[in-house]
Amino acid sequence: LAKTTQPISMDSYEGQEVNITCSHNNIATNDYITWYQQFPSQGPRFIIQGYKTKVTNEVASLFIPADRKSSTLSLPRVSLSDTAVYYCLVGDMGSGSARQLTFGSGTQLTVLP
Amino acid sequence: GAGVSQSPRYKVAKRGQDVALRCDPISGHVSLFWYQQALGQGPEFLTYFQNEAQLDKSGLPSDRFFAERPEGSVSTLKIQRTQQEDSAVYLCASSSREGAYNEQFFGPGTRLTVL
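Analysis parameters
Residues numbered from 1 in each chain as written. Chains lettered and ligands numbered in written order. Predicted model: local features only at pLDDT ≥ 70, side-chain atom pairs only at ≥ 80, totals over all residues. Heavy atoms only, no water. Phe/Tyr/Trp six-rings, centres within 6.5 Å; stacked < 30°, edge-to-face > 60°. Helix = DSSP H or I, 4+ residues; strand = E, 2+ residues; numbered from the N terminus. Buried < 20%, exposed > 50% of the residue type's maximum accessible area, 1.4 Å probe, protein only. Pairing = 2+ DSSP bridges. Axes fitted to C-alpha atoms, helices over the stretch in contact; angles between N-to-C directions. Contact = heavy atoms within 4.5 Å. Buried area = accessible area lost by both parts, 1.4 Å probe. Salt bridge = Lys/Arg side-chain N within 4 Å of Asp/Glu carboxyl O. Polar contact = N/O pair within 3.5 Å; in protein donor to acceptor, adjacent residues only side chain to side chain.

Focus: the packing of aromatic side chains
Applying the stated criterion to the full structure yields twelve aromatic pairs over all chains. Ring geometry for Phe103(A) and Phe106(B): centres 6.2 Å apart, planes at 75°, overall edge-to-face. Linking Phe103(A) in the loop between strand E8 (84-92) and strand E9 (107-112) with Phe106(B) in strand E10 (residues 105-106), this pair reaches from one chain into another. Take Phe103(A): its relative accessible area is 9%, and that puts it in the buried class. Relative to Phe106(B), the ring of Tyr35(B) has its centre 5.4 Å away and its plane inclined at 40°; by these criteria the two rings are tilted. In this pair, Tyr35(B) sits in strand E4 (residues 31-37) while Phe106(B) sits in strand E10, placing the two residues 71 residues apart along the sequence.

Some points on the sheet that holds strand E5 (residues 53-56) of chain A
All names here are of chain A. Spatial ordering of the open sheet is given by E2-E7-E6-E5, a layout of four strands whose pairing is antiparallel. The two strands at the open ends of the sheet, each matched to only one other strand, are strand E2 (18-23) and E5. Neighbour-to-neighbour, the strand axes of the sheet open up by a mean angle of 15°, direction not taken into account. Sheet analysis places E2 next to strand E7 (residues 70-75), joined by six bridges and oriented antiparallel. Each residue of the ladder has a partner; that of Thr-21, found in E7, is Thr-72.

Considering the sheet that holds E9(A)
Pairing between sheet strands relies on hydrogen bonds along the backbone, with the strands arranged either parallel or antiparallel. Residues and elements named next belong to chain A. Read from one edge to the other, the open sheet built from five strands follows the order E1-E9-E8-E3-E4, with strand pairing classed as mixed. Because the sheet does not close on itself, it has two edges, and the strands there are strand E1 (9-13) and strand E4 (45-50). Going across the sheet, the axis of each strand differs from the next one's by a mean of 25°, ignoring polarity.

Some details on the interface of chain B and chain A
For interface size, the figure often reported is the accessible area lost on association. With 23 residues of chain B in contact, the opposing surface of chain A contributes 25 residues. Of the roughly 2000 Å² buried at the junction of chain B and chain A (both faces included), carbon and sulfur atoms supply 52%. Considering only the side of chain B, the residues that lose the most area to chain A are Pro43(B), Tyr101(B) and Phe106(B), jointly responsible for 37% of the buried surface there. Linking chain B to chain A there are zero salt bridges. In this structure, the connection of chain B to chain A is made through six residue pairs in polar contact (both at pLDDT 80 or more). Listed by contribution, the elements that provide at least two residues to the side of chain B that touches chain A are E4, strand E5 (44-50) and strand E6 (53-56) of chain B.

Notes on the pattern of salt bridges
For side chains bearing opposite charge, pairing can occur when the charged atoms are close. Residue and element names in this part refer to chain B. Inspection of the entire model under this criterion finds three salt bridges over all chains. The salt bridge involving Asp-86 is made with Arg-64; its shortest N-O contact spans 2.8 Å. Of this pair, Asp-86 sits in the loop between strand E8 (75-79) and strand E9 (88-95) while Arg-64 sits in the loop between E6 and strand E7 (65-68); the two residues are 22 residues apart in sequence, bridging distant segments of the chain. For Glu-68, the salt bridge identified is with Lys-78, shortest N-O distance 3.4 Å. Here Lys-78 lies in strand E8 and Glu-68 lies in strand E7, a separation of ten residues in the sequence.

Spelled out as structure tokens, the structure:
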């Protein structure tokens, strides 16, 4: 499984754009990059997933450079309710491959008023 | 609701007691996962079911941990002779597809405290 490295914590202010970068130098050809969000006392929630270039949904954007050795989760105009832990995960989506998600410690994002 | 539910939400057990944690996945989801999350850490994989078949139990920390999903829907995680180090949040997740990296839907977890 590809190992990921992301900052332990980040602070931001309401209304700002937040970018969280994740390094995954040994990502494999079939691996996808997935981000989950976890609020206190809740289970993680899927945010976004991508393979290359850029993916955007109603919550976030995911930027993946051509070499795919890193990725950046972008949260536009954060609010206090975006305070959470964000996990970057890398793995193969195929049914015959990974049977477990490997979470790290994640990035604690704190949004300040 | 249509999400994953877990019960109980909180469980306090005396050391040595047996506990059973229940997970109701989203209806029709073939894949079901159990994770253990210690305070301040990310979730750690325990076991995986595809329908009623337990295909991976490599994350179960000891033979005191046992999981089942007899009819391919509801799952139960049982911990025998609980120890203090078993104190954690136990998360259940389900997915409509095989393969862990397809979107998983997590329940709120069961917080187990062993005294």
